[in-house]
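Chain by chain, the residues run as shown.
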Amino acid sequence: MDKPLTGVGATYEHSKLLADSYRRWTGQELVPVENSREKGLEELLFTAPRVILSHGTESDPVLNYGNRMALELWEMTWEQLTSTPSRLTAEPMERAERDRFFTQVTANGYVDNYTGIRISRSGRRFYIVNATVWNLVDEQGIYRGQAATFLDYKYL
């Protein structure tokens, strides 16, 4: 049974930023827009059958969004996830590669087919397969962070 959404998830503004930026870079929809009449964008993103997460623009970027699948995969509550520096989602030995990759995303707007190893709160390692990572840019063209989505992962 689905968990209730009560108070968990992005604001409409952040949801729109995620969806609009994804469309801008990839030309595709992050979630099926035909369902947006029955459910709000916030709920569509939170219950999407894919991992969606994002971080802000701090010098050590902190995660500011994770949908239900992201929360479950990283074994965190909303409060834990949204207070975690995004670098901590990778093991120390994987962080330099992760940083190089995010620099490439910043320069190019988005990258798809990313693969990499991540680690959950409990230490469970998993391999991300074919992730798309994109810059979050608002309607005024201001950079607001980066986001990622993926369907496939494998526990190691």
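As shown above, the structure is provided for reference.
Residues numbered from 1 in each chain as written. Predicted model: local features only at pLDDT ≥ 70, side-chain atom pairs only at ≥ 80, totals over all residues. Heavy atoms only, no water.

Caption draft 1: Structural view of the environment of Tyr 155. Here Tyr 155 is to be found in strand E6 (residues 152-155). Each C-alpha atom, one on Tyr 155 and one on Ile 119, is 9.6 Å from the other, the two residues being 36 residues apart in sequence. In this structure, Tyr 155 is in contact with Leu 73, Arg 124, Arg 125 and Phe 126, ignoring residues within four places of it in sequence. (Helix = DSSP H or I, 4+ residues; strand = E, 2+ residues; numbered from the N terminus. Contact = heavy atoms within 4.5 Å.)

Caption draft 2: Representation of empty space enclosed by the protein in the model. In the structure shown here, the tally under the stated rule is one cavity of 30 Å³ or more. Size it by volume and the largest cavity reaches roughly 180 Å³. What lines the largest cavity is a set of 18 residues, among which Leu 53, Thr 89, Phe 102, Arg 118 and Ala 148 lie closest to the centre. Contributing elements (two or more residues each) for the lining of the largest cavity: strand E1 (51-55), helix H5 (92-108), strand E3 (110-119), strand E4 (125-137) and strand E5 (143-150). Considering each element in turn, the lining of the largest cavity owes the most residues, four residues, to E5. Residue composition of the lining of the largest cavity, by class: eleven nonpolar, five polar and two charged. (1 Å grid on protein atoms, 1.4 Å probe; cavity = no way out; pocket = protein on both sides within 12 Å on 5 of 7 lines; lining within 4 Å. Points joined across faces, edges and corners; volume = space filled by probe spheres on them. Nonpolar A, V, L, I, M, F, W, Y, C, P; charged D, E, K, R; others polar.)

Caption draft 3: Examining the pattern of salt bridges more closely. Per the counting criterion, the structure on display carries six salt bridges. Between Arg 23 and Asp 20 there is a salt bridge whose closest N-O contact spans 3.0 Å. Pair noted here: Arg 23 and Asp 20 are both in helix H1 (residues 12-26), with a separation of three residues, about one helical turn. Exposure remark for Asp 20: the relative accessible area of 23% places this residue in the partly exposed category. In this structure, Arg 144 engages Asp 138 in a salt bridge whose closest nitrogen and oxygen atoms are separated by 2.8 Å. Judged by relative accessible area, Asp 138 falls into the buried class, the value being 13%. (Salt bridge = Lys/Arg side-chain N within 4 Å of Asp/Glu carboxyl O. Buried < 20%, exposed > 50% of the residue type's maximum accessible area, 1.4 Å probe, protein only.)

Caption draft 4: Structural view of the packing of aromatic side chains. Considering all chains together, one arrives at eight aromatic pairs under this definition. Seen from their ring centres, Trp 74 and Phe 150 are 6.4 Å apart, and the 75° between their planes marks the pair as edge-to-face. With Trp 74 in the loop between helix H3 (68-73) and helix H4 (78-81) and Phe 150 in strand E5, the pair connects residues that are 76 residues apart, well separated along the chain. Ring geometry for Phe 150 against Tyr 153: centres 6.4 Å apart, planes inclined by 85°, an arrangement best described as edge-to-face. Owing to a relative accessible area of 30%, Tyr 153 belongs among the partly exposed residues under this scheme. Here the aromatic residues Trp 74, Phe 126, Phe 150, Tyr 153 and Tyr 155 are joined through ring pairs into a cluster of three or more. Above the ring of Trp 25, the side-chain terminus of Arg 24 is found at 5.1 Å from the ring centroid. In this arrangement the basic side chain of Arg 124 is found over the ring face of Tyr 155, its NZ or CZ atom lying 3.4 Å from the centre. (Phe/Tyr/Trp six-rings, centres within 6.5 Å; stacked < 30°, edge-to-face > 60°. Lys NZ or Arg CZ within 6 Å of the ring centre and 35° of its normal.)

Caption draft 5: Seen up close, the side chain of Arg 50. Within the element layout of this structure, Arg 50 appears in the loop between helix H2 (41-46) and E1. The buried charged residue Arg 50 lacks any salt bridge partner; its closest oppositely charged side chain belongs to Asp 152, at an N-O distance of 9.3 Å. At 2.7 Å, the side chain of Arg 50 forms a polar contact with the side chain of Thr 149. Residues contacting Arg 50, with those up to four places away along its chain left out, are Tyr 22, Leu 30, Asn 67, Met 69, Thr 149, Phe 150 and Leu 151. (Lys, Arg positive; Asp, Glu negative; His and termini not counted. Polar contact = N/O pair within 3.5 Å; in protein donor to acceptor, adjacent residues only side chain to side chain.)

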